[in-house]
Each structure stands twice: as structure tokens, then as C-alpha cells.
Amino acid sequence: MKRNTIELSFLFAFLLAVIISFCGFETECQTIRTKVLRLHVIAVSDSEEDQALKLKVRDSVLRCSQDILSGETQKGTAERRIAANLDALRIAAEEEIKKNGYDCPVRVELTKADFPTRTYENVTLPAGQYNAVRVVIGNGEGKNWWCVMFPPLCLSAAKKQTGLSDVLNKDELALTQSDPKYEIRFWIVEKIEKLKAR
């Protein structure tokens, strides 16, 4: 009987440690969500041509956003700059669409959107709801593309600007450099965020 009590005590202590660890992890995930501005581009359709156009529109919007966000180090100010320049981003997208011989509308908005866990080269961002610039080409019935507009992580050719290390603390930065294949907490966060979205 005494052995069972000791085993139950160890099991309880282990579960408590796991829960405490996960709560800290989720808190860091939430903080990361508040410090980055995502980009979400949705293609007209899944055709090869429309998917190629989506990437060209993405590049055009990102080039325009680099000028808008140049030198910016705070997400709040970055969002205000983007909100004040949504028309400029839309015009950049429309010009790219016309340049490629298409005639379809494009909608650009600053909104909240749910994102899955995503790894960009050596940076992993946890699943959850982020503020995002959403670019919808035509009816937006094709596959989408997402990344981070601020700090700019989307274009390898981007001018050196504010990076994640400028907006995240040491622990948050370490979390983004975790490998999601071996970090089960990313999977748990993603499942919880999907339940919340429902």
C-alpha cells in the first residue's frame, strides 16, 4: 500500500511539472503572437499559373512593406504604418497582377487570422491567432502562403531591418529556434488553438 502511495505521489509530481512547464510554454507562445505581424496571401485558384501569380504578388507586397516599415522596431507602430498604407499595398498587388496579364480584383486587409505552427528556415512560430495582413487575389479559392511581415522574415533578399532578436527576449527567441519535430508542446498548442477556433 505504501509503495502505491509513493508511486502515485511521483506520478502526481511529474504531471504537475508537465502542466507547469506547458503553462510557461503557452505564455511564451502568446507573447510571441503579440510581437509579430504575419502575412497571408491567398491565390485565385490552385492552377499553376495562379499559384505563380500569388508568389509574384507576395513579393510585390513585401517590397512595398519594406519601404513602409523601414527602420521600425515596434510592432504597434509597424501595424499603424501598415494600416495607414493598406491602399499602397493593394496598389502594389494590383500593378503586379496587371503586369502579369491578369485582370482580377485584390483585397488587402489588416485582420486577425489563425495560423498553424510554421517553420521558416531555422525559426518556428507557434500556432495561434496573430494580427496579419491578408491579401486575397480574386475570390481567394486557391492555396495560401504565409510568413512574417514584421519583423521581416519572408524575403531572403530583404534589406537588413529589425529581426526577431530585436523584438523577442532570450527565452522567446529560444522557443522559436526549437525543432517542432521534437517539441511536443508545439503539437499540443496547435491542437488547443484548433479547439479554440471552433
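S.K.: Tell me about the pairing of strand β6 (residues 144-150), and please be specific about residues and values.
M.R.: Taking burial as the measure, the seven residues of β6 include six buried ones, the bulk of the element. With six bridges joining them, strand β1 (residues 37-42) and β6 adopt antiparallel strand pairing. From the neighbouring strand, Leu-37 faces β6, where its bridge partner is Phe-150.

S.K.: Explain the side chain of His-40 to me, and be specific about the residues and the numbers.
M.R.: Relative to the helices and strands, His-40 is located in strand β1. Within polar-contact distance, the side chain of His-40 engages the side chain of Asn-144 at 3.4 Å. The residues touching His-40, leaving out its near neighbours within four places in the chain, are Phe-115, Val-133, Arg-134, Val-135, Asn-144, Trp-145 and Trp-146.

S.K.: Lay out the packing of helix α2 (residues 48-69) against helix α4 (residues 86-99) with the relevant residues and their values.
M.R.: Where α2 meets α4, the closest approach of the two axes is 9 Å, and the angle between their N-to-C directions is 145°. In this structure, α2 meets α4 at a crossing whose hand is right-handed. Taking contact as the criterion, the partners of Leu-53, Lys-56, Val-57, Ser-60, Val-61, Arg-63, Cys-64, Ser-65 and Ile-68 in α2 are, on α4, Ala-88, Leu-89, Ala-92, Ala-93, Glu-96 and Ile-97. Residues that form the contact of α2 with α4 fall into these classes: ten nonpolar, two polar and three charged.

S.K.: Please set out the nonpolar core residue by residue, giving values where relevant.
M.R.: Core analysis: the biggest nonpolar cluster contains 38 residues, and Leu-39, Ile-82, Leu-89, Val-133 and Val-135 have the highest contact counts within it. Of all the elements in the fold, those that place two or more residues in this core are β1, α2, α3 (75-84), α4, β2 (106-115), β4 (123-125), β5 (128-137) and β6. Broken down by element, this core gets its largest block of residues, seven residues, from α2. Apart from the residues lying within four places of it in its own chain, the contact partners of Ile-82 are Leu-37, Ser-65, Ile-68, Leu-69, Leu-89, Val-133 and Met-149.

S.K.: Which residues make up α2, and what are the values?
M.R.: Given a rise of 1.5 Å per residue, 22 residues ought to cover 32 Å, and the 31 Å separating the end C-alpha atoms of α2 matches this to within 8%. At the C-terminal side of α2, Gly-71 shows a positive phi close to 80°.

S.K.: So, the environment of Lys-112: which residues are in play, and what are the values?
M.R.: Secondary-structure assignment places Lys-112 in strand β2. Using a relative accessible area of 52% as the deciding quantity, one classes Lys-112 as exposed. For the pair Lys-112 and Ala-132, spaced 20 residues apart in sequence, the C-alpha to C-alpha distance is 5.7 Å. Those residues in contact with Lys-112 that lie beyond four places of it in its chain are Gln-129, Tyr-130, Asn-131 and Arg-134. Polar side-chain contacts of Lys-112 include one of 2.8 Å to the side chain of Asn-131.

S.K.: Tell me about the packing of aromatic side chains, residues and numbers included.
M.R.: All chains considered together, the criterion is met by two aromatic pairs. With a centroid separation of 5.7 Å and an interplanar angle of 90°, the aromatic rings of Phe-115 and Tyr-130 are classed as edge-to-face. Within this pair, whereas Phe-115 is found in strand β2, its partner Tyr-130 is found in strand β5, the two being separated by 15 residues in sequence. Of the two residues, Phe-115 and Tyr-130, both sit in the buried class.

S.K.: How would you sum up the environment of Leu-153? Please name residues and give values.
M.R.: Here Leu-153 shows up in the loop between β6 and α5 (164-167). When the C-alpha positions of Leu-153 and Tyr-120 are compared, they lie 7.9 Å apart, and in sequence the two are 33 residues distant.

S.K.: Explain the pairing of β5 to me, using residue names and the numbers behind them.
M.R.: The element β5 is largely enclosed, with a buried count of nine among its ten residues. Across five bridges, β1 lies against β5 in parallel orientation. Within β5, the position partnered with Arg-38 by the bridge is Ala-132. Where β2 meets β5, ten bridges bridge the pair, whose relative direction is antiparallel. Counterpart to Val-108 in the pairing with β5 is Val-135.

S.K.: Tell me about unusual backbone geometry, and name the residues and values.
M.R.: For the bond running from Phe-150 to Pro-151, omega is -10°, close enough to zero to count as cis. Of note, Pro-151 is situated in the loop between β6 and α5.

Rules and cut-offs
- Residues numbered from 1 in each chain as written.
- Predicted model: local features only at pLDDT ≥ 70, side-chain atom pairs only at ≥ 80, totals over all residues.
- Heavy atoms only, no water.
- Buried < 20%, exposed > 50% of the residue type's maximum accessible area, 1.4 Å probe, protein only.
- Helix = DSSP H or I, 4+ residues; strand = E, 2+ residues; numbered from the N terminus.
- Pairing = 2+ DSSP bridges.
- Polar contact = N/O pair within 3.5 Å; in protein donor to acceptor, adjacent residues only side chain to side chain.
- Contact = heavy atoms within 4.5 Å.
- Axes fitted to C-alpha atoms, helices over the stretch in contact; angles between N-to-C directions.
- Left-handed = near helix turned anticlockwise from the far one by under 90°.
- Nonpolar A, V, L, I, M, F, W, Y, C, P; charged D, E, K, R; others polar.
- Core = buried A, V, L, I, M, F, W, Y, C linked by side-chain atoms within 4.5 Å.
- Expected span 1.5 Å × (residues − 1).
- Phe/Tyr/Trp six-rings, centres within 6.5 Å; stacked < 30°, edge-to-face > 60°.

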